[in-house]
Each structure stands twice: as structure tokens, then as C-alpha cells.
Amino acid sequence: MADIPTYSICNLHDNDTDDVVVVSLKPYLLSARSVVFPHRHSFYQVLYITHGGGRHIIDFETYPVNKGVVYFLSPGQIHEWDFDENTDGILINFSASFFSTFLANSNYLNDFLFFSSNGKHSVISFNAEEGIEHIFRQMLDEYALCKENYTDIIRALLLTLFVLANRKIEAGNKHKDPYLFRQLLTFEKLVDQHFMKKRLPKEYAELMFITPNYLNAICNKLTGRSAGEFIRQRILLEAKRLLVNSAFSVSEIAWQLNFDNNSYFSRFFKKYEHISPEDFKKKK
């Protein structure tokens, strides 16, 4: 397989041009040496690895870098990478408006498991027979050539990729009860939406029209974790994101996360992370 060609960013005056960028990874890395890691984006990012190695850290979880792996990042997620010298791939950045102005359902992307802000399904491995690389190369070609309506073709190819990735996730969970798995996903999405204000399992059980005991049973059966632990982990994840990638003080972060006071937040954080918020911020 030939190396991925280096393309310059399209210079056509297209209204969509600023909403999507498709580039080869190697030249991008050379041009982005001044980027400070870890950091978070206000846009979506999809990265496909064609060869190489290293590690990619997403929301404080470390994932190996291998050929055929696709990383999906949502706005707000923290990430950093440490690639081997020969690592290459295809990188796509796109804004939320790239699809919201195109699809009748403006929340369409939220239904994909890999764009959940908790990052649990952000990394998916594909084999050569699944044809994913061909889809990425088509997008790279379309972006480079900038022909008429090229952004529509990129959208269509991205949507194809998303559906195939979602199928792969669901196929990997076939051993789980489909109904319970869907209930778990509903709970996770609700936690993403409401964790700032709703801290108790019973509040989510009410939204799902089930009992708190049944919600806990679902979580424990499918993940080995309680519903309360899911909620705590989501709060801690947001706290770590803010500590690492914002200029806010610990007191300001405690206020943003709706803790009654800084002392309560610090005790909560240290209880579950075994380090104070201040020390975590300095360490990272």
C-alpha cells in the first residue's frame, strides 16, 4: 500500500470549508509541534492509523496505537498522543454544524456510542477486510481535489464510517441482553446530560421509569459497577478535565460542578482519586 499523499488544505471559498479538515497525519504532526498536550477540542476528531505505534491517551486512559485503529473524540474530551516516529494515518476534524445544518435530526451524532462524552467506546479496531481504509482515503482525496459538492461526499462517507463503527460496537456486545444493554446506554447518556445537577441513582431511575434497585441490577450485571459509581466517575472525569485543561482554580471548578463548597469537592476528589485536586493539577 502506497504512503498517504500529503495534501494542502483546500483553498476554495466554500461555506463548509472551515467546518471540516481532512489531512495526512505525518505532515499535520510536523505543523502542530507547538500544540500543548494534554488539550481538549471544541470540535469532533476522527483519527485512523495506517501504520506505526505508540500510545494515545484519551480522558486519562491509555490506548495502544496500531494499524487499523480508529479513535473518535467528542468536543470537550481531553487527549494527548505519543506516536512512534514512523506513525502515519488520516486525521479528520469537523464541527458540530457540519452535520447539524445538513441533517433534519441535529442530534444525530449523539446517538453513536463512540461519541459519548464518557469515552468508553472511543477506540475501535478494524481489520483490512472491513474496507475502512478505503473510506478514509476517499475522504482524503475528496478534500484535496475540492470538486463541486465535495463536502457532501465527505459527509456521506463519514456517515458510512459511523454506521459501520456503531455496528461493530453492538456486535461486540451481542452476548449481553439487548434490552438491558439499551437500558444501560440510556442511563449513560442521561448521566452525560445531567451529572452536574443529578447525583442520585433514583433521579435517573425516575427518568427511565424504572426502580433504583432495577437500575443498579442492570449496571451490576453488565458492568460489575453500581449506578452510583457511574455517576461518581462521570463527575470525576469532568473534574479531571477541568483541572488539567483550564485556568480555573480548584474553588472555581468546585463551583462549576455544583459542589456546596471547595472543601467538600476536595474531600470527594481525594476519596476516589487518592490525590488532592491541587496535586493532581500540578502533576498533570
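Up top is the structure.
Residues numbered from 1 in each chain as written. Predicted model: local features only at pLDDT ≥ 70, side-chain atom pairs only at ≥ 80, totals over all residues. Heavy atoms only, no water.

Undergrad: Any chance you could explain the environment of leucine 103 here in plain terms?
TA: Here leucine 103 shows up in the loop between helix H2 (97-100) and strand S9 (123-125). Here leucine 103 falls in the partly exposed class, since its relative accessible area comes to 22%. Excluding residues that lie within four positions of it along the chain, leucine 103 makes contacts with Tyr108 and Leu159. (Helix = DSSP H or I, 4+ residues; strand = E, 2+ residues; numbered from the N terminus. Buried < 20%, exposed > 50% of the residue type's maximum accessible area, 1.4 Å probe, protein only. Contact = heavy atoms within 4.5 Å.)

Undergrad: Where do I start with helix H10 (residues 262-273) in this structure?
TA: Residues spaced three or four apart along an α-helix face the same direction, because each turn holds 3.6 residues. With 12 residues, H10 extends 16 Å between its outermost C-alpha atoms, agreeing within 8% with the 16 Å of an ideal straight helix rising 1.5 Å per residue. Phe265, Ser266, Phe268 and Phe269 are the residues of H10 that are buried. Mapping the buried residues of H10 onto a view down its axis gives an arc of 165°, with all of them on the same face. Turned more than 90 degrees from where H10 packs its buried face, Arg267 and Lys271 sit exposed. Looking at the buried side of H10, the elements it contacts are helix H8 (227-244), helix H9 (250-256) and helix H11 (277-283). Sitting at the head of H10, asparagine 261 places a side-chain oxygen 3.1 Å from the backbone nitrogen of serine 263. (Expected span 1.5 Å × (residues − 1). Arc of directions from axis to C-beta. Polar contact = N/O pair within 3.5 Å; in protein donor to acceptor, adjacent residues only side chain to side chain.)

Undergrad: What is the right way to look at the sheet that holds strand S6 (residues 69-73) in this model?
TA: Taken in spatial order, the 5 strands make up an open sheet running S1-S8-S3-S6-S9, and their pairing is antiparallel. Taken across any chain shown, the strands that pair with only one partner, and hence form the sheet edges, are strand S1 (20-24) and S9. The mean inter-strand angle of the sheet, taken between neighbouring strand axes irrespective of direction, is 15°. Of the strand pairs in this sheet, S6 and S9 are connected by 3 bridges, and their pairing is antiparallel. The partner of valine 69 across the bridge, within S9, is serine 125. Helix H3 (residues 132-145) contacts S1, strand S3 (44-51), S6 and strand S8 (88-94) of the sheet and is inclined by roughly 110° relative to S1. (Pairing = 2+ DSSP bridges. Axes fitted to C-alpha atoms, helices over the stretch in contact; angles between N-to-C directions.)

Undergrad: Just checking my understanding: could you explain the pairing of strand S7 (residues 78-83) for this structure?
TA: Within a regular strand, side chains alternate between the sheet's two faces. Across 2 bridges, strand S2 (residues 39-40) lies against S7 in antiparallel orientation. Among the inter-strand pairings, histidine 39 is bridged to a residue of S7, identified as histidine 79. In this structure, strand S4 (residues 54-58) lies alongside S7, joined through 5 bridges in antiparallel fashion. Across the sheet, the residue bridging to isoleucine 57 is glutamate 80, located in S7.

Undergrad: For this particular structure, what's the right way to read the sheet that holds strand S5 (residues 61-64)?
TA: Backbone hydrogen bonds hold the strands of a sheet together, and the pairing may be parallel or antiparallel. With antiparallel pairing, 4 strands are arranged side by side in an open sheet as S2-S7-S4-S5. Across the chains shown, the open sheet's two edge strands, defined by having one partner strand only, are S2 and S5. As defined by bridge partners, S4 adjoins S5 across 4 bridges and the pair is classed as antiparallel. Across the sheet, residue arginine 55 finds its bridge partner in S5, namely proline 64.

Undergrad: When you look at unusual backbone geometry in this model, what are you seeing that I'm missing?
TA: Across the chain, the bulk of peptide bonds are trans and the bulk of non-glycine residues have phi less than zero. Phi angles above zero are rare outside glycine, and asparagine 258 is one such case at about 65°. Within the element layout of this structure, asparagine 258 appears in the loop between H9 and H10. Classification of asparagine 258 by relative accessible area gives partly exposed; the value is 40%. Phi at histidine 274 is positive, roughly 60°, even though this residue is not glycine. With respect to the secondary-structure elements, histidine 274 resides in the loop between H10 and H11. A relative accessible area of 67% places histidine 274 in the exposed class.

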